[in-house]
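Residues per chain, in single letters:
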Amino acid sequence: MDTTVESYMLLATAIFVIGSIGFLVRRNVLVQLMSIELMLNSVNLLLVGFNRLHTGNMAGQTFAFFIIAVAAAEVAVGLAIVLQFYRLRGGVNSDEATTLRH
Amino acid sequence: MELLTELFPPANFTLLGFILLLPLLGAFVNGIFGKRLGREGVTLLGLSVIFAAFVGAIITYAMLIEHGHDGAAPKFHFMAWNWLELQGAGNGMTFRAVPLDVAFSVDALSGTMVLVITGIGFLIHLYSSSYMAEDPGFYRFFAYLNLFIFSMLVLVLGDSLPVLFVGWEGVGLCSYLLIGFWFNDDANASAGKKAFITNRIGDFGLLVAMGLLLYYVGALDWDGINAGKNSLLQPVKIWPVGDEVPIARFLPGGLADVINAPRFVNAATLVCLALFLGAMGKSAQFGLHVWLPDAMAGPTPVSALIHAATMVTAGVYLVCRLSGVFVLSPMAMAIVAGIGAFTALFAATIALVQNDIKKVLAYSTLSQLGYMFLGAGVGAFEAGFFHVLTHACFKACLFLGAGSVIHAMHARIHDTETSQDMRNMGGLYKFMPATALTFLAAWAAIAGVPGTSGFFSKDEILLMALTSRVTGPATISGGQYGMVVENFVWPEWYSYVLYGMGFLTAVLTAFYMSRLVIGIFFGEFRGWKIVEGWIDPHAAHAGAGHDTHAALAAHDAHGSADPSHAGHADHGHDDAHEAHAHPHEAPGVDNMDGPRPHESPWQMTLPLWILGALSVVAGLLNAHLIHIAPLGHLLEPIFAGASKRVEVSELAHSFEWMGAALAVFGACAPGVAVAYWMYVKQGGAPARELAVKFRGVYSFLQDKWRIDEFYAETVIGALDALADMCVWFDKYIVDGILARLSAFLVQLTGSLLRQFQTGRVQAYAAMTVLGTLIFGLYFAMPHAEVHEVFDDSSGSYKLSAAPGLGYKYRWDIDGESGWDRGDKFGNQTEVAFQLKPEEQRTVRLEVEGPFLVTSSYERVLSRPRGEMAAVEPAAAEPQRLKVRPARKAPPIMPGTQVPAGHPTLPNSPSAAPHGAAKGTH
Amino acid sequence: MTPGLVLFAVCSLLCLGGAVVTVASVNPIRGALGLLTTIVGIAGLFLRLNAEFLATMQILVYAGAVVILFVFVVMLLGPTASLPRDAGRRSLYARAISGGLGAGVAVLLFALLSSSKSHDFPIVGKDHGTVEAVGRQIFQEALVPFELATVLLIVAALGAIAVARANPSKTVKKPSENPTLRLFHGPLLARDAGHPLDGRTLEERHEGNSEQRAS
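Nothing here was measured: the structure is a model prediction, and the numbers come from that model.

**What to know about the overall build of chain C**
Counting its regular elements, chain C contains 9 helices and 0 strands. Going residue by residue from the N terminus, the α and β elements of chain C occur as α-α-α-α-α-α-α-α-α. Taken across its 215 residues, chain C has 33% of its residues classed as buried. The long-range fraction of contacts in chain C, counting pairs at least 24 apart against all pairs at least 6 apart in sequence, stands at 50%. Carbon and sulfur atoms form 68% of the exposed surface of chain C, whose accessible area is close to 12,700 Å².

**Some thoughts on the sheet that holds strand S12 (residues 830-834) of chain B**
All names here are of chain B. Overall, antiparallel pairing links the 3 strands, which are arranged S9-S10-S12 in an open sheet. In this open sheet, the two edge strands, each paired with only one partner strand, are strand S9 (786-791) and S12. Each adjacent strand pair in this sheet contributes to an overall mean axis angle of 15°, direction not counted. Pairing between strand S10 (residues 796-801) and S12: 5 bridges, direction antiparallel.

**Re the side chain of B:Asn266**
Relative to the helices and strands, B:Asn266 is located in strand S4 (residues 263-266). Of note is the side chain of B:Asn266, whose polar atom sits 3.2 Å from the backbone oxygen of B:Leu328.

**A look at the packing of aromatic side chains**
All names here are of chain B. One pass over the structure, following the stated rule, counts 38 aromatic pairs over all chains. A ring pair is formed by Tyr144 and Phe181, whose centres lie 6.4 Å apart and whose planes are at 85°; its orientation type is edge-to-face. Linking Tyr144 in helix H4 (residues 138-157) with Phe181 in the loop between helix H5 (161-179) and helix H6 (186-216), this pair joins segments that are 37 residues apart in sequence. Under the relative-accessibility criterion, Phe181 is labelled buried at 1%. Measuring from centroid to centroid gives 5.9 Å for Phe342 and Trp705, while their planes differ by 80°, and the two rings are edge-to-face. With Phe342 in helix H14 (residues 330-351) and Trp705 in the loop between helix H29 (695-702) and helix H30 (707-713), this residue pair connects regions lying 363 residues apart in the sequence. Every member of this aromatic cluster is reached through a ring pair, and the members are Phe138, Phe141, Phe142, Tyr144, Phe181 and Trp182. Over the ring of Phe138 we find Arg39, and its NZ or CZ is 5.0 Å from the ring centre. In this structure, Arg140 is placed above the aromatic ring of Phe181, and the distance from its NZ or CZ to the ring centre is 4.3 Å.

**Remarks on the sheet that holds strand S11 (residues 808-812) of chain B**
Residues and elements named next belong to chain B. If you trace the 3 strands from one edge of the open sheet to the other, you get S11-S13-S14, paired in antiparallel fashion. Among the strands making up the open sheet, the edge pair consists of S11 and strand S14 (854-862). Pairs of neighbouring strands in the sheet enclose a mean axial angle of 15°, with direction left out of account. By the bridge criterion, 9 bridges tie strand S13 (residues 840-848) to S14 in an arrangement that is antiparallel. Paired with Arg844 across the bridge in S14 is Glu858.

**Digging into the packing of H5(B) against helix H9 (residues 267-282) of chain B**
Between two packed helices, both the angle of their axes relative to each other and the distance between the axes serve to describe the pair. All names here are of chain B. Where H5 meets H9, the axes come as close as 12 Å, and the angle between the chain directions of the two elements is 25°. As far as their axial angle goes, H9 and H5 are roughly parallel. The interaxial crossing formed by H5 with H9 has left-handed handedness. Contact with H5, carried on its side by Trp168, Val171 and Gly172, involves Gly278, Ala279 and Lys282 of H9 and no other residues of that element. Here the contact of H5 with H9 is composed, by residue class, of 3 nonpolar, 2 polar and 1 charged.

**Considerations on the interface of chain C and chain A**
On the chain A side, the residues contacting the 85 residues of chain C number 69 residues. Summing both sides of the interface, chain C and chain A together bury roughly 7,000 Å²; the carbon and sulfur share of this comes to 75%. Broken down residue by residue, the surface that chain C buries against chain A is led by C:Tyr62, C:Phe70 and C:Phe121, which jointly contribute 10%. Taken together, the links from chain C to chain A amount to 0 salt bridges. The interface formed by chain C and chain A includes 14 residue pairs in polar contact (both at pLDDT 80 or more). Elements represented by at least two residues in the side of chain C that touches chain A include exactly helix H1 (3-24), helix H2 (28-48), helix H3 (52-77), helix H4 (89-114), helix H5 (131-140) and helix H6 (143-163) of chain C. The leading source of residues in the side of chain C that touches chain A is H3(C), at 13 residues. For the side of chain C that touches chain A, the residue count by class is 57 nonpolar, 20 polar and 8 charged.

**With respect to the nonpolar core**
By size, the foremost hydrophobic cluster in this structure holds 222 residues, and its most contacted members are B:Phe148, B:Leu161, B:Leu232 and B:Ile520. A total of 18 residues in this core trace back to one element, the largest contributor, which is helix H16 (residues 381-409) of chain B. Look past the residues within four positions of B:Leu232 in its chain and what remains in contact with it is B:Leu213, B:Tyr216, B:Val217, B:Asn266, B:Ala267, B:Ala268, B:Val271, B:Val325 and B:Leu328. Listed in part, the 61 residues of the second largest apolar core include A:Ile18, A:Val48, A:Phe66 and C:Leu83.

**Considering the confidence of the model for chain A**
Averaged over chain A, the pLDDT score is 91; the fraction of residues at 70 or greater is 99%. Ranking the helices and strands of chain A by mean pLDDT puts helix H2 (residues 29-53) of chain A first, with 95, and helix H1 (residues 5-25) of chain A last, with 89.

**Digging into the interface of chain A and chain B**
Each partner contributes to the interface: chain A provides 13 residues, whereas chain B provides 10 residues. Between chain A and chain B, the buried area comes to about 950 Å², and carbon and sulfur atoms account for 58% of it. At the surface where chain A touches chain B, the tally comes to 1 salt bridge. Notably, a salt bridge pairs A:Asp95 with B:Arg760, separated by 3.2 Å at the nearest N-O pair. No other element matches the 3 residues that H1(A) contributes to the side of chain A that touches chain B.

**Digging into unusual backbone geometry**
Residues and elements named next belong to chain B. Unlike most non-glycine residues, His627 shows phi in positive territory, near 60°. Considering the arrangement of structural elements, one finds His627 in the loop between helix H23 (602-617) and helix H24 (630-635). Residues other than glycine seldom take positive phi values, yet Arg706 does so here, at roughly 55°. Residue class for Arg706 comes out partly exposed when judged on its relative accessible area of 36%.

**Let's talk about the environment of B:Ala434**
Residues and elements named next belong to chain B. Following the sequence through the fold, Ala434 ends up in helix H18 (residues 433-447). When its relative accessible area of 13% is taken as the criterion, Ala434 is described as buried. When the C-alpha positions of Ala434 and Gly401 are compared, they lie 9.2 Å apart, and in sequence the two are 33 residues distant. Those residues in contact with Ala434 that lie beyond four places of it in its chain are Glu599, Thr605 and Trp609.

**What about the side chain of B:Lys229?**
Residues and elements named next belong to chain B. With respect to the secondary-structure elements, Lys229 resides in the loop between helix H7 (222-228) and strand S3 (235-239). Asp223 is the oppositely charged side chain nearest to the buried, salt-bridge-free Lys229, at an N-O distance of 10 Å. Leaving out residues up to four positions away in the same chain, Lys229 has contacts with Val217, Gly324, Val325 and Leu328.

Analysis parameters
- Residues numbered from 1 in each chain as written.
- Chains lettered and ligands numbered in written order.
- Predicted model: local features only at pLDDT ≥ 70, side-chain atom pairs only at ≥ 80, totals over all residues.
- Heavy atoms only, no water.
- Helix = DSSP H or I, 4+ residues; strand = E, 2+ residues; numbered from the N terminus.
- Buried < 20%, exposed > 50% of the residue type's maximum accessible area, 1.4 Å probe, protein only.
- Contact = heavy atoms within 4.5 Å.
- Areas by Shrake-Rupley, 256 points an atom, 1.4 Å probe, with all protein chains shown as cover.
- Pairing = 2+ DSSP bridges.
- Axes fitted to C-alpha atoms, helices over the stretch in contact; angles between N-to-C directions.
- Polar contact = N/O pair within 3.5 Å; in protein donor to acceptor, adjacent residues only side chain to side chain.
- Phe/Tyr/Trp six-rings, centres within 6.5 Å; stacked < 30°, edge-to-face > 60°.
- Lys NZ or Arg CZ within 6 Å of the ring centre and 35° of its normal.
- Parallel < 35°, antiparallel > 145°, perpendicular 65-115°, else oblique.
- Left-handed = near helix turned anticlockwise from the far one by under 90°.
- Nonpolar A, V, L, I, M, F, W, Y, C, P; charged D, E, K, R; others polar.
- Buried area = accessible area lost by both parts, 1.4 Å probe.
- Salt bridge = Lys/Arg side-chain N within 4 Å of Asp/Glu carboxyl O.
- Core = buried A, V, L, I, M, F, W, Y, C linked by side-chain atoms within 4.5 Å.
- pLDDT = per-residue confidence, 0-100.
- Lys, Arg positive; Asp, Glu negative; His and termini not counted.

So this is what it looks like as structure tokens:
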């Protein structure tokens, strides 16, 4: 038996779920950012997998390419925000980011 | 005269317009520009417009007399403009469009009233120019007075009930404004309010009468009413309302029958009673009289004009004007006469024990008004109306004289109540001869001294009370219309009762008026010790002797416990007065020193002279006794129609002189004599002894029979309770539930929702995931959608099921029950089958989703006959339900989802030609 | 057991393992390394899916830049980059709920996937996933997004600089009036080099230093 698209779907789902649980559970801002990267990667995997299934064009891979670019930009800005956050709060605990609290 | 007739033709008598407009103009200008015009300007304007109106009234009257030579009642019309038109009113007989026009008319009746109004009005304006000279609200007073004259003129000159009603309300308004003229004092404002509200209760009656007249007669103008008044002779069932009284069901048969027996009255009775209710309010008959004594809170000229001469006579005018309608109902007339007589007696008893001179005069007015209604009620409209005229003269004279006396008393005593108290006066004859003489002339008239106007008019009324009765068509069984409309016959004894009450009232009137005169003008002066050349030590401030009542509140209160006096800060010129404090001195020869009481200036005494003279000689206008009756002659044609239903017994002629003698020697003389003995000879001692001996009766009379208190307990108490209930409702239910409860709910929801706003991104992300989950459930549930392709020519159907993640399908298309390939779910998404023509088949599909939840789909597919075109789906639906063969669609299982295209849903999109059952092939 | 299958299995394990390590480790450096592992695993899977260009890009950009950036920041933050694991009740609730939610999503997706039909991969030509193919796609159909991505990257760079600037204080203004030049000035004195990114102002830092010198 060979791998089908469903196996890639399963794998991507698993990585995505792990990433989302990590984002929801961890309080460390850096780990949260990394979890976001996990989720993005899982989506990339899924896109490329489907592109392998529907081979008319390279739209899936192109999309994944752009996702990589955007993820890179987002990580840059995100880490800058983490630095500022660190300066404000002295730590990286996301529980202290409650200025929008009622 | 011909010139005048040419100028003012009877059909378009524009002089009426002038007579009406001039006082209105005066009111307008005085009201708006009064302050700028100054005292003289306001006086000039106010007096001249009334005088001009008076001249107009004289001209009108002259023309009326001229035109009336041939015996018919002359009537001049003036139509100002079309106001409205009611689209159809009245019942079957009288249904037509009713125009309401602003039209005026004058005949002898209203002409006389106009003369009285403008003439006496002018005299009172003249009087007030001096009486109110020191008042800061001078121009306002004249504006209101002019407005009052205008409204009263509208009332009497109106050609129809609505226009009369406009005037009616106008005089009510002016009465309110003038009674509460010194509104800074709460008591005055309350008195004004009381007058207006009590009037309003009467106005309700007038409105009901207008409605009834519209319904039965179909017209509201005098000509129309007179023409159609016979339509009022219909029985109206007033009891029971509906078919039966509900309680009667629980009562034994006989009693129930009695209760349920229908009672009928004449429609005319209803109309007349409603009209009389209005008249009761305006003319202060018993029940709605409570405002008149309180109205003495206004300035004395107001009392003279409004509450003696003109406004209170509006009710009598109304009855006289609609005399033709009133006589159609003997019952109503009997009630009118009865209430009139009772009011006369009742008010006279109260006046016996009053000490305030204005109150005595107020109750005497009430009593005389009762006489007027007594006269009108027994059918003697002429006599009643004549009494209006004479009463206007002598009562105005009395009030103005009282004003003159109060004016003199104010030189020393500034408090309202004390300065009007009879016990502080006395012996003023020496100091104020003009006032005294005219007052005595008017006293003679009201007491019934033979030869005076009051004698003739009162005597006539008493005579008529005894001998006249209203027969009317309703008492004749069979009647004009062949039916008994109302079972009421004027009782024999009733006339005697009325006469007795009237006679007793005459005795009492003579007594208390003599008491009043003696108390004011004779004996020794009891107000203060007269010191020649006495100067008021505090007279440096403006207008020493003639302070206004508003200022007087500052140095207040012997016997005045009005708490509102304490809170005054806003009088026009009062600061200086409040700076000094008059020592609270009680009036009395031993306590106070003061100047000589002085006579009033010419502006005040001239009207007194004129009115006094009139009181004496005006009787000759209608002195039936000695057969000199020019006025009666003029008024005869107006009441001719009504007189047909009035029966005057033979006694009238034979008893004439006897009745007059009785009135003089039985009523007037004893009354005067007893008063003279009691107060002059015995110095008032017997009165005091009687007051002590019959303390209960005395206090009952002095408390005005405690009617005000009764009303306060019952009617006003009920309204207060209702108001309290409404306050409770507003506070707890409206505020509590609508406002506070809803606010509370919103706050509760807000505080609940606020818990979600933690400010932490993770929490928000968790909620996003939750939402995604819920959303995802939709996709996780299976949806059974089937796409059909139908081939007409071969009758084959291709069905394809919609794909979905994890779907498994099973079909049933072969027409037999049970799934096609057993109960297992498979992956078959497309099926096809063929139908023979006119064959139907039920197709089912069940889809199982990933969580083993199933959803099903079912349809009946058929193949129509070749030539049938597309059938309208709306018609197809019910037909299908009717005609379908035994196999019905199994009901949708609960818990499954019904796809949007399912035929049992109302907007099934694919109804056309596929799924229709045919009843008409 | 084809090599492809083996590669798939190994790379999947790498991915999953790296993901779990990222999410579960207290030390953020370990987390970054876990991320690196996942990325490499995914790159391997890309290779299997005939996406060699993308695999290369993945390694270059993700493993070679993003993860490095993470490591930089973790190093910059020093010991304060990791948080003590507290066993508070509130965090237990949060973790339980979040875990539940995640698990729910997982179950949903797994269930959906498990019952559906399998789709096999078709055979593709040699030029599927090459640089030319992807490049053709990018520069023809996706040209505008490409340019926009360029702009995005520039903006992101500028944004990162703007956000991560030190808070301006009066004493820092001294060396230069031009605010732009200030961006390139690091700490003025060598003694500040030891504590680059406290939350303290310059005065507070000098106090600390003077105390140190005094003692």
